[in-house]
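The chain contents come next:
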Amino acid sequence: RRADGSVRDVEVFSSRILLAGKEALHSIVHDVTEHKFVEEKLKQTDILLANIAERVPGVVYQYRLYPDGRSCFPYASPGMQQIYEVTPESVREDATPVFGRLHPEDYDRSVEDITASGRTRDHFHCEFRVILPQQGLRWRLCDARPQRMDDGGTLWYGIISDITELKKAEESLAQSEARYRNLIMHSPDAIFINQSERVILVNHACQRLFGAATAEDLI
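Computed from a predicted model, the values in this text were never measured in an experiment.

Asker: Would you mind going over unusual backbone geometry with me for this structure?
Answerer: Where the residue is not glycine, phi is negative for most of them; where a peptide bond is considered, it is trans in most cases. Located in the positive-phi region is Ala20, a residue other than glycine, with phi close to 55°. Relative to the elements of secondary structure, Ala20 occurs in the loop between strand S1 (10-19) and strand S2 (22-31). Relative accessible area serves as the criterion here: at 78%, Ala20 is assigned to the exposed category. For Glu85, which is not glycine, the phi dihedral falls at a positive 60°. Relative to the helices and strands, Glu85 is located in the loop between helix H2 (80-84) and helix H3 (96-99).

Printed below as a string of structure tokens:
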């Protein structure tokens, strides 16, 4: 506490010395008030970011690719457990467990996209499948921005989210459209569909009736 009543944080380094033949205490006092203030602010920021990351659907991560081909996740939010069924700690030094979860049919494409993003520094956007021990087959969407590192490697900052339900909905819609198109094409009645004054679909009965080979012939 200073003479004016304000309080400062200090570090004290002391040692015993001999002074004029008598034992004395030699001390160095270093003011660390500003350092402690910055340290506390950083701690609060870390807590804030951790709380946000825990509440973001999916996993917030850093992915590091070294020039020699090694890779790891220096940072991954707790969502890593849900997305890949591996802990953030298990991939902090080696990303191999994550790549072991990729669907065999999507593995090469995913690796090629990562390599291309690292080479061009373009935005990384990739949809792929994973096979997990507990959840089974799931779809993932990865979106990340790369940054060149001093050693020639690349560090990505990104988010990986679960898009399984979206993919299921897309598949159901595609199947419904296919069934609808099949019913139209095999209907005995002449049917054509137009959009913005342009015919986009004609069935076989309509083609026979108008002598049209394709939808474009009816424009």
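After that view of the structure, there is still more to cover.
Asker: In this structure, what is going on with the nonpolar core? I would like to understand it.
Answerer: Taken as a class, soluble globular proteins show a tendency for nonpolar side chains to be buried jointly. With 25 residues, the main nonpolar core has Tyr61, Tyr63, Phe73, Met80 and Tyr84 as its most contacted residues. Broken down by secondary-structure element, the contributors of at least two residues to this core are strand S3 (59-65), strand S4 (71-76), H2, H3, strand S5 (124-132), strand S6 (136-148) and strand S7 (154-162). By residue number, the principal contributor to this core is S5, which donates five residues. Not counting residues up to four positions away in its chain, the partners in contact with Tyr84 are Val98, Arg101, Phe128, Val130, Leu132 and Ile160.

Asker: What am I meant to see in the sheet that holds S4 here?
Answerer: Within a sheet, each strand pairs with its neighbour through backbone hydrogen bonds, oriented either parallel or antiparallel. On the basis of which strands lie adjacent, the open sheet formed by five strands has the order S4-S3-S7-S6-S5 and antiparallel pairing. At either margin of the open sheet sits one strand with a lone partner, and together these are S4 and S5. Sheet twist, expressed as the mean angle between neighbouring strand axes with direction ignored, is 30°. Strands S5, S6 and S7 of the sheet are contacted by helix H5 (residues 164-185), whose axis makes an angle of about 115° with S6.

Asker: For this particular structure, what's the right way to read a nonpolar patch on the surface?
Answerer: On the surface, a nonpolar cluster with roughly 260 Å² of combined accessible area is contributed by Val10, Val12 and Val29. By the secondary structure assignment, Val12 is in strand S1.

Asker: Looking at this structure, how should I read the packing of aromatic side chains?
Answerer: By convention here, two paired aromatic rings are described through the distance between centres and the angle between planes. Summed over the entire model, instances satisfying the criterion amount to five aromatic pairs. Judged by centre distance (6.4 Å) and plane angle (70°), the rings of Phe99 and Tyr107 are edge-to-face. Using a relative accessible area of 18% as the deciding quantity, one classes Phe99 as buried. The exposure class assigned to Tyr107 is partly exposed, which follows from its relative accessible area of 35%. Ring-pair connections join several aromatic residues into one group, and the members of that group are Tyr61, Tyr63, Phe73, Phe99, Tyr107 and Trp156. In this structure, Arg70 packs its charged tip against the face of Tyr66, placed 4.3 Å from the ring centre.

Asker: Teacher, can you tell me more about the pairing of S6 here?
Answerer: In summary, the side chains of a regular strand alternate between the two faces of the sheet. Pairing analysis gives nine bridges linking S5 to S6, with the strands arranged antiparallel. Residue pairing in the sheet places Arg129 in a bridge with Trp139 of S6. Between the end of S5 and the start of S6, which pair antiparallel, lie three residues. Pairing analysis gives nine bridges linking S6 to S7, with the strands arranged antiparallel. Residue pairing across strands places Leu141 opposite Ser161, the latter belonging to S7. Between the end of S6 and the start of S7, which pair antiparallel, lie five residues, with Gly152 showing a positive phi angle near 95°.

Here is what the cut-offs are and how they apply
Residues numbered from 1 in each chain as written. Predicted model: local features only at pLDDT ≥ 70, side-chain atom pairs only at ≥ 80, totals over all residues. Heavy atoms only, no water. Helix = DSSP H or I, 4+ residues; strand = E, 2+ residues; numbered from the N terminus. Buried < 20%, exposed > 50% of the residue type's maximum accessible area, 1.4 Å probe, protein only. Core = buried A, V, L, I, M, F, W, Y, C linked by side-chain atoms within 4.5 Å. Contact = heavy atoms within 4.5 Å. Pairing = 2+ DSSP bridges. Axes fitted to C-alpha atoms, helices over the stretch in contact; angles between N-to-C directions. Patch = residues over 30% accessible without salt bridge, like charges linked within 9 Å, V, L, I, M, F, W, Y side chains within 5 Å. Areas by Shrake-Rupley, 256 points an atom, 1.4 Å probe, with all protein chains shown as cover. Salt bridge = Lys/Arg side-chain N within 4 Å of Asp/Glu carboxyl O. Phe/Tyr/Trp six-rings, centres within 6.5 Å; stacked < 30°, edge-to-face > 60°. Lys NZ or Arg CZ within 6 Å of the ring centre and 35° of its normal.

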